[in-house]
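Notes for the structure review
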Amino acid sequence: MDFPLLTVIVFTPIVSGLLILLIPGERKTEIRIAALAAATFALLLSLGAYIIYDRSLGGYQFVQIFTWIPQLGISYHVGVDGMSLPLVLLTGIVIFTGVLISWGIDDRPREFFAFLFVLASGVFGVFVSLDLFQLFFFYEIAVFPMYLLIAIWGWQVTREYAAMKLTLYLFIGSLVALVGGLAMYYTSGLGTFDLLALQEAGFSTAFQRLWFPFVFFGFAVLGGIFPFHNWSPDGHVAAPTAVSMFHAGVLMKLGAFAALRVGFMLLPEGARFWSPLILGLATVNVVYGAFIAMVQTDFKYVIGFSSVSHMGLVMLGFATLNREGLTGAGLQMFSHGVMTALFFAVVGVVYDRAHTRDIPKLGGFSKVMPLVAVAFIVGGLASMGMPGFSGFIAEFPIFMGLWKAQPVVALIAALGIVITAAYIMRVVGRVFFGKMPAEMEGHISRETALDRIALGVLAGILILVGVVPSVMAPLVASGADAVVRLLGGA
Amino acid sequence: MAIAAFQPFMLIAILPEILLLVLATLIFALDALGGAGRRQSLGGVASLGLALILLATLGFGRPDAEQSLIFGGMLRHDWIAFTFKILLLFSAAVTCMLSMGVREVSARGEYYGLLVIATLGMTLMASSADLIMLYLAIETTSIPLYVLAGFMKGDDKSTESGMKYFLFGALTSAVMLYGFSLLYGFTGETNLYRLADALQASEMSPWLLSGVLALILVGFSFKVAAVPFHFWTPDVYEGAPTPITAFLSTASKAAGFAVLARVMLAVFPGIAGSWTAVLAGVSVATMTVGNLLALAQKNIKRLLAYSSIAHAGYVLIGLVALSQFGAASMVFYLLAYVVTNLLAFAVVILFARSAGSEEIADYAGLSRRAPGLALALLVAMLSLAGMPPLAGFVAKVYVFAAAVQSGLVWLAFVGVLNAIVGLYYYLTVLKVVYLYRSEHEDKPVPVPRSYAIALITCVVAVLLIGTLSGPWLQWAITTATSLF
């Protein structure tokens, strides 16, 4: 492949972000159009990569490698496989819909989109990294803009607190993982940060068992694993809509993905040793997250905790260490990304009009915005794992894998699904049906056309993947196979 | 290493020093001869002169493959000297540019003259290979700096700053000199590169030697502002004219590290085990104290003072690693730190010029008032915090890598924890800049040309060092080879 597709995907957002900064700040419409154009371009490119990727060949494709810092064996090395490609596409989808949903931002949209695009570049960069140093480099780039995005454009009540909490949590996690990465680099004796080379380094069992928790938990903080999940609902709630979408939709995958790529794939023996603990913690995520979501009265907190719960399923899938579980986890990352972006978009649309997210104060929204209600219900069905929606395609293999690995955990985690159904029903019933409070009657406007496009795209993808799983499942399975090979069968 | 007789190349080796002396003379002459109007251009003369000297040094001052002691063993013409001279000249040139818009100092010949003399002292510090030369160089640096710190005579804080700096400096320097004299007394040798053998031959008891080392470390710790000799820093930094604060926190610190690294590695390799243990402790204390105290600061100069203390701690990690890569990471860190800190101070000076304040709270609304300046501050703060794609990130990765390579994983973890604390207060500044509103938002912050040049140079350098760090790291590695 001569055309450096992945490089273009990675740098499109950040370059557009810098160009947007050159537009005078008061020309807000031009800024928004430029942002949308850039986001559309990024989406089309990632869709292009998704389509062109040769499924019969598998493995890493669109590979490019340049020497970057030769003294330490660091290179710029990109490539995607079945695990990362759907996530690249997911990032494209979320950035596109996120820009649509953010059309109404009126306070310094120039800076908003510039920071959002820097974030997007960081995310793309991590998903395509085949070099450990490069992965950290982009990882940090993805973490930081979050702070300003939440602190400046977030929900006034908690934004400063939530933004700082989130940034510190994630930064400490990534630095702890960084020390682990450095330990791997020096212990391997290979003098390279290349992930594909380190995969074959053959670290001693003791080394792997010692360092796996540092690397895994360092990254899994961003994946929201219990008991380090605490930043996440606060962060989601405080963030502006597009940032919540990005954050829950893509950033949490970043943590899970990096934990997989660096933790499981480089330290397989460590992964085997620690997998019971991860199974336990992730089960807590699933069940506890769902219970907490159940009792929230703030619409956005419900979704925030549902993310904690769903990311637990991803971690469970990883910890099964088998093909089914990993395939399911890969699919769940994509499916949850789209689904939660949809949820947060709906919350944003509702909040912008009702000016409250307090569930008891809401009601009857389906009468004013039936399409939004439909979109939310689609997301809800996906999140319950209903057949015909992407959630089923993702969760079913996870439970199959779990059943093979630890039947007890499968039984307990299944409880999470039941509770999920309960809190989704509760939100749908309270917010979209029932009677609209008198003071809101007549003051609620319909969603905009842009909102409709964004929600339609997201809901459509959930259904498409659910009805035609072959568009994604075999691809992810091929990625999962590669991981299973490294994990040594099972 | 044999000491060669005088040869013409030795003059090339001290080319920067010669040119600095010429420049200082020129400035004093212009000041004495020129009228008030001419004095306005002194800053331009000084910064242009320093920039030219920088280029001349880059062009001609490169050491040969063979390291050589020159001028009877007083100086050593090697990579560490060369690299630090470049760094010091860069810092001095930028400092002069940043001084041109500060009313109290901008048109004062003696200000620029002293600054150039101090730079001369620092370049000698970087290349000194003899205890006597070293002491002279340190004093040549310090005395002008004492004056410069207290330059604004009408300002109580500046006077206090100069006085404090002088008292602490004189005291620690005396202690250090005592250490030097003991070294000479026990060995009869003053050349750094023969002292190691002489110490071995003298069979001094390790306890005594450690005591001597401690005395010397007092002086060096003062220079680099390491705990427990950091007390002067916040007050001196706050009171001094801000460009001088920038100079103290970058060039003076870098020169101190050049001396520290050279002396430790050349004179005391025999007891490396004990001094690395001590310095590891100092490093931990320096990082931690600097970062924790920075949390509570309300004044941006004091915040940067404590942050500079913390950064000295990270730099020490590189030295404690006691490896070639460790030394290289130290040099690289200083490179990144000097450029970044100059950038931060450039913004502080510009803001103080138009807003007349150094309180962090007054930075509210800066992002609306001057978006470009706010962005420059964002770059500086994030680089100090260690965020990619900026210089500070790779610099931190390298020192942590050096620690891990030498088996000091615990030290890397201490560094990591400190980086988190650091991130907190840098973000707090950015929060004020980007989030808070103020009623002065419609007042622009004018940026004179010299400042624009300095800002753009530093921002570009921070980005370049951060993204294309290969060549810079190679430079640092080459530099480190001359230490071992």
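Analysis parameters
- Residues numbered from 1 in each chain as written.
- Chains lettered and ligands numbered in written order.
- Predicted model: local features only at pLDDT ≥ 70, side-chain atom pairs only at ≥ 80, totals over all residues.
- Helix = DSSP H or I, 4+ residues; strand = E, 2+ residues; numbered from the N terminus.
- Rg over C-alpha atoms; globule rule 2.2 N^0.38 Å.
- Buried ≥ 20, exposed ≤ 12 C-beta atoms within 10 Å, placed from the backbone.
- Contact = placed C-beta atoms within 7 Å.
- Pairing = 2+ DSSP bridges.
- Domains from an automatic or database assignment.
- Core = buried A, V, L, I, M, F, W, Y, C linked by C-beta atoms within 7 Å.
- Axes fitted to C-alpha atoms, helices over the stretch in contact; angles between N-to-C directions.
- Parallel < 35°, antiparallel > 145°, perpendicular 65-115°, else oblique.
- Left-handed = near helix turned anticlockwise from the far one by under 90°.
- Expected span 1.5 Å × (residues − 1).
- Bend = angle between axes of the 7 residues up to and from the residue.
- Nonpolar A, V, L, I, M, F, W, Y, C, P; charged D, E, K, R; others polar.
- pLDDT = per-residue confidence, 0-100.

1. Quick notes on the overall build of chain A
If you tally the helices and strands in chain A, you get 19 helices and two strands. What you see for chain A is a C-alpha radius of gyration of 21 Å, in line with the 23 Å of a compact globule of 490 residues. In terms of overall dimensions, chain A has C-alpha extents of about 70 × 55 × 45 Å along its principal axes. Relative to its full complement of 490 residues, chain A shows a buried share of 64%. Partitioning the intrachain contacts of chain A with sequence separation of at least 6 by distance along the chain shows that 81% fall at a separation of at least 24.

2. Comments concerning the overall build of chain B
A count of helices and strands for chain B gives 21 helices and two strands. A compact globule built from 484 residues should have a C-alpha radius of gyration of about 23 Å, and chain B, at 21 Å, falls within 12% of that. Principal axes of the C-alpha set define a box for chain B whose edges measure 70 × 55 × 40 Å. Long-range contacts, defined here as pairs at least 24 residues apart, represent 80% of the contacts in chain B between residues at least 6 apart.

3. Considering the pairing of strand 2 (residues 74-80) of chain A
All names here are of chain A. Burial analysis of strand 2 places six of its seven residues in the buried class, the great majority of the element. Both strand 1 (residues 61-69) and strand 2 contribute to a ladder of six bridges, which runs antiparallel. Its bridge partner being in strand 2, phenylalanine 66 is matched across the sheet by tyrosine 76. Between the antiparallel neighbours strand 1 and strand 2 lie four residues, among them glycine 73 with a positive phi of about 70 degrees.

4. Remarks on the interface of chain B and chain A
Chain B puts 27 residues into the contact, and the matching count from chain A is 26 residues. Elements represented by at least two residues in the side of chain B that touches chain A include exactly helix 17 (371-385), helix 18 (391-405), helix 19 (409-435) and helix 21 (469-481) of chain B. Counting residues per element, the side of chain B that touches chain A draws most heavily on helix 19 of chain B, at twelve residues.

5. Topic: the domain arrangement of chain B
Residues and elements named next belong to chain B. Parsing chain B into structural domains produces domain 1 (1-267) and domain 2 (271-484). Once you take the C-alpha centre of each, domain 1 and domain 2 turn out to be 22 Å apart. Contact residues are listed per partner, giving 42 residues for domain 1 and 45 residues for domain 2. Elements with a contribution of two residues or more to the side of domain 1 that touches domain 2: helix 5 (79-99), helix 10 (206-224), helix 11 (232-239) and helix 12 (242-267). Top contributing element to the side of domain 1 that touches domain 2 by residue count: helix 12, with 14 residues.

6. Some remarks on the nonpolar core
Residues and elements named next belong to chain B. Counting 411 residues, the largest nonpolar core has Leu343 and Ala346 as the members making the most contacts within it. Among the elements that take part in this core, helix 15 (residues 324-355) stands out by supplying 23 residues, more than any other. Structurally, this core is a two-domain feature, drawing no fewer than three residues from each of domain 1 (1-267) and domain 2 (271-484). With residues near it in sequence (within four places) discarded, alanine 346 still touches Leu98, Tyr451, Ala454, Leu455 and Cys458.

7. As for the packing of helix 13 (residues 323-354) of chain A against helix 18 (residues 449-467) of chain A
All names here are of chain A. In the contact formed by helix 13 and helix 18, the axes pass within 10 Å of each other and the chain directions differ by 150 degrees. Relative to helix 18, helix 13 is oriented roughly antiparallel. Where helix 13 crosses over helix 18, the two elements pack in a sense that is left-handed. When helix 13 is examined against helix 18, the residues Ser335, Val338, Met339, Ala341, Leu342, Ala345, Val346 and Val349 are found in contact with a partner set consisting of Asp451, Ala454, Leu455, Leu458, Ala459, Ile461, Leu462 and Val465.

8. Digging into helix 12 of chain B
Side chains of residues three or four places apart in an α-helix project in the same direction, reflecting 3.6 residues per turn. Residues and elements named next belong to chain B. The first and last C-alpha atoms of helix 12 sit 36 Å apart over 26 residues, in line with the 38 Å expected at 1.5 Å per residue. At leucine 248, helix 12 shows its maximal bend, which comes to roughly 30 degrees. Among the 26 residues that make up helix 12, 25 are buried, leaving the element largely enclosed by the rest of the structure.

9. Describing the packing of helix 3 (residues 85-101) of chain A against helix 10 (residues 241-266) of chain A
Residues and elements named next belong to chain A. Two elements in contact, helix 3 and helix 10, have axes whose closest approach is 8 Å; the angle formed by their N-to-C orientations is 165 degrees. Between helix 3 and helix 10, the angle falls in the class roughly antiparallel. As helix 3 packs across helix 10, the resulting crossing turns out to be left-handed. Contact with helix 3, carried on its side by Leu87, Leu90, Thr91, Val94, Thr97, Gly98 and Ile101, involves Thr241, Ala242, Met245, Phe246, Gly249, Val250, Lys253 and Phe257 of helix 10 and no other residues of that element. Its residues placed into classes, the contact of helix 3 with helix 10 shows nine nonpolar, five polar and one charged.

10. As for unusual backbone geometry
Going from phenylalanine 226 of chain A to proline 227 of chain A, the amide bond is cis rather than trans, its omega being 0 degrees. Relative to the helices and strands, proline 227 of chain A is located in the loop between helix 8 (205-223) and helix 9 (231-238). Across the junction of proline 388 of chain B and proline 389 of chain B, the peptide omega takes the value 0 degrees, indicating a cis bond. Residues other than glycine seldom take positive phi values, yet arginine 108 of chain A does so here, at roughly 45 degrees. Take arginine 108 of chain A: there are 19 C-beta atoms within 10 Å of it, and that puts it in the partly exposed class. Positive phi values are uncommon outside glycine, yet leucine 322 of chain B reaches one of about 55 degrees. Structurally, leucine 322 of chain B is set in the loop between helix 14 (300-320) and helix 15. Note on leucine 322 of chain B: 21 C-beta atoms within 10 Å, which makes it buried.

11. So, the environment of tyrosine 426 of chain B
Residues and elements named next belong to chain B. Summarising the element assignment, tyrosine 426 is placed in helix 19. Sequence separation between tyrosine 426 and alanine 391 is 35 residues, and the spatial gap between their C-alpha atoms is 15 Å. Once residues within four sequence positions are removed from consideration, tyrosine 426 is found in contact with Met381, Leu384 and Ala385.

12. Considerations on helix 5 (residues 132-153) of chain A
For helix 5 of chain A, with 22 residues, the first-to-last C-alpha span of 32 Å sits near the 32 Å given by 1.5 Å per residue. Burial within helix 5 of chain A is extensive, with 22 of its 22 residues counted as buried.

13. A closer look at the confidence of the model for chain B
The pLDDT averaged across chain B works out to 91; a share of 99% of its residues lies at or above 70. Overall fold confidence for the complex sits at a pTM of 0.92, while the interface term, ipTM, reaches 0.89.

14. Focus on the environment of threonine 140 of chain B
Residue and element names in this part refer to chain B. Tracing the sequence through the fold places threonine 140 in helix 7 (residues 131-149). Taking the C-alpha atoms as reference points, threonine 140 and leucine 120, 20 residues apart in sequence, are found 7.7 Å from one another. If sequence neighbours within four positions are ignored, threonine 140 has contacts with Ile117, Leu120, Gly121 and Leu124.

15. Let's talk about the environment of glycine 79 of chain A
Residues and elements named next belong to chain A. Tracing the backbone shows glycine 79 in strand 2. It is 6.5 Å that separates the C-alpha atoms of glycine 79 and leucine 130, two residues lying 51 residues apart in sequence. Filtering out sequence-adjacent residues up to four positions away, glycine 79 remains in contact with Tyr60, Gln61, Phe62, Val63, Val128 and Leu130.

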